[in-house]
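Structural features, examined
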Amino acid sequence: MTARPYALVGDVGGTNARFALVAPGELQLRGVEVLPCAGYANLEHALRDYLTRADGMDVVQACLAVASPASGNLVRMTNNPWYFDREALCKAFGWRALKVINDFTAMALGVPHLEPGRLVHVCGGPGDPSRPRLVMGPGTGLGVSGLVPASGGWIPLITEGGHVDFAPVDEAEMALLRILQARFGRVSVERILSGQGLLNLYQAHAEIKGMAAPLTTPEQVTRAAQAGADLLARRTLWHFCEILGRVAGNAALTLGSQGGVYLCGGILPRIIDFFLASPFRRGFEDKGRMRPLMESTPVYLVTETATGLLGAAAALQNPADG
């Protein structure tokens, strides 16, 4: 009896690589695993390790969502030392086809397939389901994508919107900008709205206050902020959420995303209660004459960790995804 052919789908970020298998024409994920990128020398080693547990599965093609621009044959990750040659990787595994897309393009493609229980309503509504949707979120980096409605489905947008300039709105943020400029030169929003960005923000706040900054990882900052005992960490995470609201609101205005804003990434699902109480909504809606439009735009926090894998599976069936 001939083995049923399968496709491998992957969501490869700066910290973790998620893999699963799907049957042709389906979105049901099989054998989902999360592998730490730091545990492997390169992508091929991680793939080989994963596929050793796919015994008896005939994997004939793949779609990999990667945290980097996905153009050209040689793909270099943005926040990860991995790089790979598309043609060589396809040949190494004997695949008949390999599609490579941006990780937030995959996030966007996965959003229409989410179960309602995987969405937490943050603010706004009712919106207009016929309008574009914005998909963004902080993790190892800041991903930004979107969905534009088309006949019979959605066209995903391939963007590097996390690298737009940080725009301070008051003197306190001008001081933050000067500190970050001294470290980085140009300051993109990803320098603040990411895991490392949260730590950058914490250290900058400490410098302004003339305080020590003993915490050394983003996880320490979020834990201390949520515990409520560390006022500097709490102020930092509060400000992080406010800036995210402003950036998301700006992107929503640019895209015209009255279809909704979907917040993904690894940070927000771990701080849901803090985030819902934060000034995110204020930052998102405070757009002057456009406030009524922002108030009518629904914002959701995505808690499904396999959204990128669902999007990679959908990309196999979607010729319009880059």
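Being a predicted model, the structure only gives us computed values, none of them experimental.

Counting secondary structure elements, the protein chain contains 11 helices and 13 strands. Taking 20 Å as the expected radius of gyration for a compact globule of 322 residues, we find that the protein chain reaches 20 Å, a close match to that expectation. The principal-axis extent of the C-alpha atoms belonging to the protein chain is close to 70 × 45 × 35 Å. A buried classification covers 51% of the 322 residues belonging to the protein chain. For the protein chain, restricting intrachain contacts to residue pairs at least 6 apart in sequence, the fraction spanning at least 24 positions comes to 67%. Carbon and sulfur atoms form 53% of the exposed surface of the protein chain, whose accessible area is close to 14300 Å². Distance from the positive charge centre (28 side chains) to the negative charge centre (28 side chains) of the protein chain: 2 Å.

This part is about the nonpolar core. One finds M136, L193, F275, F280 and F284 to be the most contacted residues of the largest nonpolar core, which totals 48 residues. For this core, the element with the most residues is helix 7 (residues 231–255), which contributes 11 residues. Once residues lying within four places of it in the same chain are set aside, the contact partners of F275 are V122, C241, L244, L263, L268, F280 and L301. Formed by 31 residues, the second largest nonpolar core is a distinct cluster that contains A17, M77, L89 and W95.

Computed from the structure, the second largest pocket encloses a volume of approximately 340 Å³. In terms of lining residues, the second largest pocket is bounded by 20 residues, among which G161, V164, V247, N250 and A251 are the most central. For the lining of the second largest pocket, the secondary-structure elements that each account for two or more residues are strand 9 (133–138), strand 10 (142–150) and helix 7. When residues of the lining of the second largest pocket are assigned to their parent elements, the largest contribution, 7 residues, is made by helix 7. Counted by class, the lining of the second largest pocket contains 13 nonpolar, 5 polar and 2 charged residues.

This part covers the pairing of strand 11 (residues 153–158). Where strand 10 meets strand 11, 6 bridges bridge the pair, whose relative direction is antiparallel. Looking at the pairing, L147 lines up with P156 of strand 11. Counted between consecutive antiparallel strands, the loop separating strand 10 from strand 11 contains 2 residues, among which G152 sits at a positive phi close to 80°.

Here we come to helix 6 (residues 218–227). Within helix 6 the residues assigned to the buried category are P218, V221, T222, A224 and A225. All buried residues of helix 6 fall inside an arc of 165° around its axis, so they share one side. Exposed residues on helix 6 whose side chains face more than 90 degrees from its buried face are R223 and A227. Where helix 6 is buried, its residues touch helix 5 (195–209), helix 7 and helix 8 (272–277). Backbone geometry just after helix 6 places G228 at a positive phi near 85°.

Per the stated rule, a full pass over the model turns up 6 aromatic pairs. When the centroid spacing of 4.9 Å and the interplanar angle of 15° are considered together, the rings of F93 and W95 count as stacked. Assessed through its relative accessible area of 16%, F93 is described here as buried. Accessibility expressed as a relative area gives 6% for W95, which makes it buried. A cation over a ring is seen here: R48 above F93, with NZ or CZ 4.5 Å from the ring centre. The residue whose ring lies beneath R76 is Y83, and the NZ or CZ to ring-centre distance is 4.7 Å.

With that settled, the discussion passes to the sheet that holds strand 12 (residues 261–263). Overall, mixed pairing links the 6 strands, which are arranged 8-13-12-9-10-11 in an open sheet. Across the chains shown, the open sheet's two edge strands, defined by having one partner strand only, are strand 8 (119–123) and strand 11. Direction aside, neighbouring strands of the sheet carry axes that sit 25° apart on average. The pairing of strand 9 with strand 10 spans 6 bridges and is antiparallel. Across the sheet, the residue bridging to M136 is V144, located in strand 10. Contacting strand 9, strand 10 and strand 11, helix 3 (residues 103–110) runs over the sheet at an angle of about 45° to strand 10.

It is worth spelling out helix 7 at this point. Along an α-helix, residues three or four apart share an orientation, since each turn contains 3.6 residues. Counted at 1.5 Å a residue, the expected span for helix 7 with its 25 residues is 36 Å, and the 36 Å between its end C-alpha atoms agrees. Positioned one or two residues after helix 7, G256 has a phi angle of 70°, which is positive.

One open sheet holds the 5 strands; their spatial order is 3-2-1-4-7, and the pairing between them is mixed. Each edge of the open sheet carries a strand with a single partner, namely strand 3 (30–36) and strand 7 (97–102). Averaged over all pairs of adjacent strands, the angle between strand axes in this sheet comes to 15°, irrespective of strand direction. Strand direction decides the pairing type here: strand 1 (residues 5–12) and strand 4 (residues 58–66), joined by 8 bridges, are parallel. The residue bridging V12 from the neighbouring strand is V66, located in strand 4. The strands touched by helix 3 are strand 1, strand 4 and strand 7; relative to strand 7, the strand with the most contacts, the crossing angle is about 90°.

Basis of the calculations
Residues numbered from 1 in each chain as written. Predicted model: local features only at pLDDT ≥ 70, side-chain atom pairs only at ≥ 80, totals over all residues. Heavy atoms only, no water. Helix = DSSP H or I, 4+ residues; strand = E, 2+ residues; numbered from the N terminus. Rg over C-alpha atoms; globule rule 2.2 N^0.38 Å. Buried < 20%, exposed > 50% of the residue type's maximum accessible area, 1.4 Å probe, protein only. Contact = heavy atoms within 4.5 Å. Areas by Shrake-Rupley, 256 points an atom, 1.4 Å probe, with all protein chains shown as cover. Lys, Arg positive; Asp, Glu negative; His and termini not counted. Charge placed at Lys NZ, Arg CZ, Asp CG, Glu CD. Core = buried A, V, L, I, M, F, W, Y, C linked by side-chain atoms within 4.5 Å. 1 Å grid on protein atoms, 1.4 Å probe; cavity = no way out; pocket = protein on both sides within 12 Å on 5 of 7 lines; lining within 4 Å. Points joined across faces, edges and corners; volume = space filled by probe spheres on them. Nonpolar A, V, L, I, M, F, W, Y, C, P; charged D, E, K, R; others polar. Pairing = 2+ DSSP bridges. Arc of directions from axis to C-beta. Phe/Tyr/Trp six-rings, centres within 6.5 Å; stacked < 30°, edge-to-face > 60°. Lys NZ or Arg CZ within 6 Å of the ring centre and 35° of its normal. Axes fitted to C-alpha atoms, helices over the stretch in contact; angles between N-to-C directions. Expected span 1.5 Å × (residues − 1).

Keep in mind these numbers describe shape, not what the thing actually does.
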